[in-house]
Amino acid sequence: MTTPDSSMPPPAPAIGPVGWLRQNLFSTWYNALLTIVLVTLLVPLVALILRWILAEARWGVVTANLRLFLIGQYPFEEAWRIWLSLAVLSVLTGISAGIYGGATVRTLATWLAAGQVMLGALAAVSGLGSATTVALVANAAIVWAAFLAVRWRPRAMPRRLVGLGWLASIPISVILLQGIRGLPLPIVTSNLWGGLLLTFLLAIVGILLSFPFGVLLALGRRSGLPAVRVLSTAYIELIRGVPLVTILFMAAVMLPLFLPSNVRIDQVLRAMVGITLFSAAYVAENVRGGLQAIPPGQVEAAHAIGLNTLQTNRFIVLPQALRAVIPANVGLFISLLKDTTLVTIVGLLELLGIGRAVLAQPQWFGAQLEVYVFIAAVFFILCYTMSQASYRLETALGVGTR
Amino acid sequence: MSDHSDHSGPSAGIIVCRDVHKWFGDLHVLRGIDMTVKAGEVVVIFGPSGSGKSTFIRTINRLEEHQRGEIFVDGIELTNDIRNIAAIRSEIGMVFQQFNLFPHLTALQNVTLGPIRVRKLARDRAEQQGMELLERVGIPEQAHKYPAQLSGGQQQRVAIARALAMQPKIMLFDEPTSALDPEMISEVLDVMRELAVSGMTMLCVTHEMGFARAVADRMVLFDEGCIVEEGPPPQIFEAPAHARTKQFLSQILH
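Trainee: Please set out the overall build of chain B residue by residue, giving values where relevant.
Mentor: Counting secondary structure elements, chain B contains nine helices and 10 strands. Over its C-alpha atoms chain B spans a radius of gyration of 18 Å, differing by no more than 12% from the 18 Å that the globule rule assigns to 254 residues. Split by element, the accessible area of chain B, about 10800 Å² in all, is 48% carbon and sulfur. The averaged location of the 32 negative side-chain charges in chain B is 4 Å from the averaged location of its 25 positive side-chain charges.

Structure (structure tokens):
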């Protein structure tokens, strides 16, 4: 028998940079040839790109219009309300990261802080005024402060309060952003909201609302009640058979025709509803895949210990089904984030729409590349954050390992 | 079909089945089963595969619906009334061939889920009771592991503890050892034997003839959806009345 004493250490893995090169890049003659060809092609290309980024690009188009890119036509003197909403989000995220301590929430918290610091730095070099930078960097600090405070005194913050805080944060943010009669907050109608602010709002609301709605639809599609099943199936198939643009048009143009003329539904709200209804059908199909993967024995065992249908779904079926479809759902939410750019078509100026508006100014004629590279970078950071958080979540929940 | 005037009332046994029929599509899988089980009785059901024995015990807690005949459990008739089904399921524990543990819950959570959610027991009380049950089936040290981290025998013992946690009056076993590696069968049978000795009413579908001989009060041979023969183990093993029983026993005893 092998005792712990007689076990040997593994062979030394590192053989130095030269060894690494030989092993990975020059292991055979054709591998070496491939390496040389690729390097001769890549070096000039990278040099070209770097020269453009560092020397040739007119980044002035971004810095001069940063206010538009960030918040659209939201009045700048009221922008503190946006930063305050972000501060609420920062506190809640920091506290949640401290309480739950999971890698997923911590990743989101880290990126929320980092993102705000990046925006703060951008604001500083763009001459948006030091107040903006201070507010954004302070928000980033708030994320960490809240995290550390909860870590220091975990008992001081009951979990139920955090849940309530998250629930309350949505109306609080809306009231803050939109203003309310009777408070000393001037109303800022939502047609002035734009840029990253609008992209962010559409995506978050779309994700938060379409997920539960989609889960209900998926359960409905498998329901034993024929009426529920037929309605759910019809809804899912109908929505999936129609492009998002059509739904946005319906919401923006057709809906007002059917409503009495004195009923006005906010344009942004209509876009949010359209995106949510659209995304929910896709969430439902993803979740249905997860539900089908649950062996029937699980439901039988749950019934055998006396759980009713509702309890069986809540405690046995959904926890297993949802964790199996995390990767698919995050992929869906990433495309939802990118699909928010389609609201340009109904006249809302989210990040991409603002980009096009900026390019319409004569002094920035010909700066398309700079604007689109900037917008692409912002979207990349947002999407990358989401996919990183989902990897952490998969690991934490052990997808595929149990 | 046997004459059932001798066990006419539902009070005659804790389980009373009369003329139970079941079809899967056109396939007639249960063809008039009559059976009465007294409280504390241990009944072993055996027979070739496809003979309807699993389907029969699954009708008793309504995992399968019977289409003709009647089933009474502890005086309650099994109908489509959802309250009757819930009441009957709360009196019956079931152990499955494939264990069917909940893979996203630890062993202890598997055991406490029913008591907490159905019996509305306080969590600490349920966990205390759950640990006692895990001790009874001999694996208290595995309480916080997930099913995938346990061997087949350990998983089946957790499944037995999970069923017992609802404090059932009847336990149904559906081939509890068929999916186990040979060296793990005895640890599960030991638990079942103790349960039988403690006075639990048990219906076991199994081909473990050693277990049947030692523990069963009665053995029932199913074939093609009918009861071919029933009787105490010595009679079944030493003096079976039907040729079909002899033939089947010789096949599984080698």
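Trainee: Which residues make up the packing of aromatic side chains, and what values go with them?
Mentor: Residue and element names in this part refer to chain A. Within this structure, the stated rule accounts for 11 aromatic pairs over all chains. With a centroid separation of 5.9 Å and 85° between ring planes, the pair formed by Trp144 and Phe147 is classed as edge-to-face. Of this pair, Trp144 and Phe147 both sit in helix 7 (residues 130–152), three residues apart, which is roughly one turn of the helix. On the basis of relative accessibility, which here comes to 40%, the residue Trp144 falls in the partly exposed class. A centroid spacing of 6.4 Å and a plane angle of 70° characterise the contact between Phe211 and Phe333, whose relative ring orientation is edge-to-face. With Phe211 in helix 9 (residues 195–221) and Phe333 in helix 15 (residues 326–339), the pair connects residues that are 122 residues apart, well separated along the chain. When its relative accessible area of 28% is taken as the criterion, Phe211 is described as partly exposed.

Trainee: Lay out helix 2 (residues 29–56) of chain A in plain terms, naming residues and giving numbers.
Mentor: All names here are of chain A. Spanning 28 residues, helix 2 covers 39 Å between terminal C-alpha atoms, matching the ideal 40 Å at 1.5 Å per step. Among all positions in helix 2, only Ala32, Thr35 and Trp52 are buried. Residues of helix 2 that are buried make contact with helix 17 (368–397).

Trainee: How would you sum up the sheet that holds strand 9 (residues 218–223) of chain B? Please name residues and give values.
Mentor: Residues and elements named next belong to chain B. Taken in spatial order, the six strands line up as 6-7-8-3-9-10 in an open sheet, and their pairing is mixed. In this open sheet, the two edge strands, each paired with only one partner strand, are strand 6 (92–95) and strand 10 (226–231). Each adjacent strand pair in this sheet contributes to an overall mean axis angle of 15°, direction not counted. Pairing of strand 3 (residues 42–46) with strand 8 (residues 201–205), which is carried by four bridges, proceeds in the parallel orientation.

Trainee: I'd love a proper account of helix 9 (residues 243–253) of chain B, names of residues and values included.
Mentor: Residues and elements named next belong to chain B. Looking at helix 9, one finds that the buried residues are Thr245, Phe248 and Leu249. Buried positions in helix 9, seen along its axis, are confined to an arc of 100° and lie on one side of it. Those residues of helix 9 that are exposed and angled more than 90 degrees off the buried face are Ala243 and Lys246. Check the buried side of helix 9 and you find it contacts strand 3, helix 7 (209–215), strand 9, strand 10 and helix 8 (233–238).

Trainee: Describe the side chain of A:Glu350, with residues and values.
Mentor: Take A:Glu350: it is sitting in the loop between helix 15 and helix 16 (351–359). In this structure A:Glu350 touches A:Gly195, A:Leu198, A:Thr199, A:Thr340, A:Thr341, A:Val343 and A:Thr344, once residues within four positions along its chain are discounted.

Trainee: Residue-level account of the sheet that holds strand 4 (residues 68–73) of chain B, with values.
Mentor: All names here are of chain B. Taken together, four strands build an open sheet; the order of strands is 2-1-4-5 and the sheet is antiparallel. Strand pairing shows two members of the sheet lacking a second neighbour, strand 2 (27–37) and strand 5 (76–77), which therefore form its edges. Here five bridges tie strand 1 (residues 15–24) to strand 4, and the two strands are oriented antiparallel to one another. Bridged to His21 within strand 4 is Arg68.

Trainee: Residue-level account of the pairing of strand 10 of chain B, with values.
Mentor: Residues and elements named next belong to chain B. Pairing of strand 9 with strand 10, which is carried by five bridges, proceeds in the antiparallel orientation. Note on strand 10: the bridge partner recorded for Phe222 is Ile227. A loop of two residues connects strand 9 with strand 10, the two strands running antiparallel in sequence, and Glu224 in this loop sits at a positive phi of about 50°.

Trainee: Tell me what's going on with the nonpolar core, and back it up with residues and numbers.
Mentor: Core analysis: the biggest nonpolar cluster contains 75 residues, and A:Phe69, A:Tyr74, A:Trp83 and A:Val343 have the highest contact counts within it. Sequence-distant contacts of A:Tyr74, that is, excluding residues within four places in its chain, are made with A:Arg67, A:Ala79, A:Arg81, A:Ile82, A:Leu176, A:Leu177, A:Val188, A:Leu192, A:Trp193 and A:Leu197. By size, the runner-up hydrophobic cluster in this structure holds 46 residues, among which are B:Phe99, B:Val111, B:Phe173 and B:Ala212.

Trainee: Hey, could you go over the state of the cysteines for me, with residue numbers and the actual values?
Mentor: In the structure shown here, the tally under the stated rule is zero disulfides over all chains. Between B:Cys17, a cysteine without a disulfide, and B:Cys226, which holds the nearest cysteine sulfur, the sulfur-to-sulfur distance is 14 Å.

Trainee: Which residues make up the interface of chain B and chain A, and what values go with them?
Mentor: Contacts between the two partners involve 21 residues from chain B and, on the opposite side, 17 residues from chain A. Buried surface at the junction of chain B and chain A, summed over both partners, amounts to about 1800 Å²; 64% is from carbon and sulfur atoms. Counting across the chain B and chain A interface gives one salt bridge. Note that B:Arg58 is salt-bridged to A:Glu300, the shortest N-O span being 2.7 Å. Here chain B is connected to chain A by six residue pairs in polar contact (both at pLDDT 80 or more). Listed by contribution, the elements that provide at least two residues to the side of chain B that touches chain A are strand 6 and helix 3 (107–117) of chain B. Per-element tally for the side of chain B that touches chain A: the top contributor is helix 3 of chain B, with three residues. Residue composition of the side of chain B that touches chain A, by class: 12 nonpolar, four polar and five charged.

Trainee: Describe in detail the environment of B:His104, supporting the description with residues and values.
Mentor: For B:His104, the location among the structural elements is in the loop between strand 6 and helix 3. Judged by relative accessible area, B:His104 falls into the buried class, the value being 9%. Sequence separation of B:His104 and B:Ala148 is 44 residues, and the distance between their C-alpha atoms is 9.3 Å. When neighbours within four sequence positions are excluded, B:His104 is seen to be in contact with A:Phe315, A:Ile316, A:Pro319, A:Gln320, A:Arg323 and B:Tyr146.

Conventions used here
Residues numbered from 1 in each chain as written. Chains lettered and ligands numbered in written order. Predicted model: local features only at pLDDT ≥ 70, side-chain atom pairs only at ≥ 80, totals over all residues. Heavy atoms only, no water. Helix = DSSP H or I, 4+ residues; strand = E, 2+ residues; numbered from the N terminus. Rg over C-alpha atoms; globule rule 2.2 N^0.38 Å. Areas by Shrake-Rupley, 256 points an atom, 1.4 Å probe, with all protein chains shown as cover. Lys, Arg positive; Asp, Glu negative; His and termini not counted. Charge placed at Lys NZ, Arg CZ, Asp CG, Glu CD. Phe/Tyr/Trp six-rings, centres within 6.5 Å; stacked < 30°, edge-to-face > 60°. Buried < 20%, exposed > 50% of the residue type's maximum accessible area, 1.4 Å probe, protein only. Expected span 1.5 Å × (residues − 1). Contact = heavy atoms within 4.5 Å. Pairing = 2+ DSSP bridges. Axes fitted to C-alpha atoms, helices over the stretch in contact; angles between N-to-C directions. Arc of directions from axis to C-beta. Core = buried A, V, L, I, M, F, W, Y, C linked by side-chain atoms within 4.5 Å. Disulfide = S-S within 2.5 Å. Buried area = accessible area lost by both parts, 1.4 Å probe. Salt bridge = Lys/Arg side-chain N within 4 Å of Asp/Glu carboxyl O. Polar contact = N/O pair within 3.5 Å; in protein donor to acceptor, adjacent residues only side chain to side chain. Nonpolar A, V, L, I, M, F, W, Y, C, P; charged D, E, K, R; others polar.

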